[in-house]
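# Coordinates in review
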Amino acid sequence: MDATFRIWETSRNIYLKFFDNYSLEQLNTIPAGMSNNLIWNLGHVVVSQQKLVYALSGLPMHIPDSLFEKYQNGSRPDGKTTQAEVDEIKKLLSEIVEKTKSDFEAGIFKEFHPYQTKTGFHLGTWKEAMEFNNYHEGIHLGIMMSIKKHI
């Protein structure tokens, strides 16, 4: 799991740089022809990891329900994310990595409810969910790289 966590930490550090390089207005901008914005992608990777790793393990997620509703799979941004919400997402992007690592080391992930993703991946174990999470975050990083060319 060391490599999986190391890849995830690197991914999250790349994501955190978006907060330093883009204003609230830019984070909220939905470029023409695109269906989401930078902040939606950032919020989405936070809530997706929580669903894939915690909820599917039968454990409570460490995010507010309101955040889950706004950024879950199938949701769409409204372009009105506040600075307070941006700050919360930024904080969660880094804190959740440490929380997940410590929970893994403590052995709290004992069960897993198999899950079939919309893209056809079958996740049968917690380890597979973590590995898929890295793949999923890579997809969204690619989307964000495309978005940033248009803002």
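See the structure printed just above.
This report concerns the structure included in the present document. It should be emphasised that the depicted structure is a prediction, and the values quoted were computed from it without experimental measurement.

### Here's the deal with the side chain of His44
- Structurally, His44 can be placed in helix 3 (residues 38-54).
- A distance of 3.1 Å separates polar atoms of two side chains, one belonging to His44 and the other to His136.
- Filtering out sequence-adjacent residues up to four positions away, His44 remains in contact with Tyr71, Gln72, Asn73, His136 and His140.

### Considerations on the nonpolar core
- If you look at the biggest cluster of nonpolar residues, it comprises 39 residues, and the most contacted ones within it are Phe19, Leu27, Ile39, Leu42, Ile63, Ile89 and Leu93.
- Looking at this core, the elements with two or more residues in it are helix 1 (2-21), helix 3, helix 4 (65-71), helix 5 (83-106) and helix 6 (126-148).
- The biggest single contributor to this core is helix 3, with ten residues.
- Once residues within four sequence positions are removed from consideration, Ile39 is found in contact with Phe19, Leu27, Asn28, Tyr71, Thr81, Val86 and Ile89.

### Focus: the packing of helix 1 against helix 3
- Two numbers describe how helix 1 lies on helix 3: the axes approach to 10 Å, and their chain directions differ by 150 degrees. Considering their axes alone, helix 1 and helix 3 lie roughly antiparallel with respect to each other. Where helix 1 crosses over helix 3, the two elements pack in a sense that is left-handed. Touching Trp8, Arg12, Tyr15, Phe18 and Phe19 of helix 1 are Leu38, Ile39, Leu42, Val45, Val46 and Gln49, all from helix 3.

### Quick notes on the pattern of salt bridges
- One pass over the structure, following the stated rule, counts seven salt bridges.
- Between Arg12 and Glu137 there is a salt bridge whose closest N-O contact spans 2.8 Å. You can see Arg12 sitting in helix 1 and its partner Glu137 sitting in helix 6, a full 125 residues away along the chain.
- Arg12 sits in the buried class, given a relative accessible area of 1%.
- Across the salt bridge formed by Lys90 and Asp20, the nearest N and O atoms sit 4.0 Å from each other. Here Asp20 lies in helix 1 and Lys90 lies in helix 5, a separation of 70 residues in the sequence.
- Judged by its relative accessible area of 60%, Asp20 falls in the exposed class.

### Digging into the packing of helix 3 against helix 6
- The N-to-C vectors of helix 3 and helix 6 enclose an angle of 175 degrees; their axes lie 10 Å apart at closest approach. Classified by the angle between their axes, helix 3 and helix 6 sit roughly antiparallel to one another. Every residue of helix 6 that contacts helix 3 at Leu38, Trp40, Asn41, Leu42, His44, Val45, Ser48, Gln49, Leu52 and Val53 is listed here: Trp126, Ala129, Met130, Phe132, Asn133, His136, Glu137, His140, Ile143, Met144 and Ile147.
- For the contact of helix 3 with helix 6, a count of residues per class yields 13 nonpolar, seven polar and one charged.

Criteria and thresholds
- Residues numbered from 1 in each chain as written.
- Predicted model: local features only at pLDDT ≥ 70, side-chain atom pairs only at ≥ 80, totals over all residues.
- Heavy atoms only, no water.
- Helix = DSSP H or I, 4+ residues; strand = E, 2+ residues; numbered from the N terminus.
- Polar contact = N/O pair within 3.5 Å; in protein donor to acceptor, adjacent residues only side chain to side chain.
- Contact = heavy atoms within 4.5 Å.
- Core = buried A, V, L, I, M, F, W, Y, C linked by side-chain atoms within 4.5 Å.
- Buried < 20%, exposed > 50% of the residue type's maximum accessible area, 1.4 Å probe, protein only.
- Axes fitted to C-alpha atoms, helices over the stretch in contact; angles between N-to-C directions.
- Parallel < 35°, antiparallel > 145°, perpendicular 65-115°, else oblique.
- Left-handed = near helix turned anticlockwise from the far one by under 90°.
- Salt bridge = Lys/Arg side-chain N within 4 Å of Asp/Glu carboxyl O.
- Nonpolar A, V, L, I, M, F, W, Y, C, P; charged D, E, K, R; others polar.

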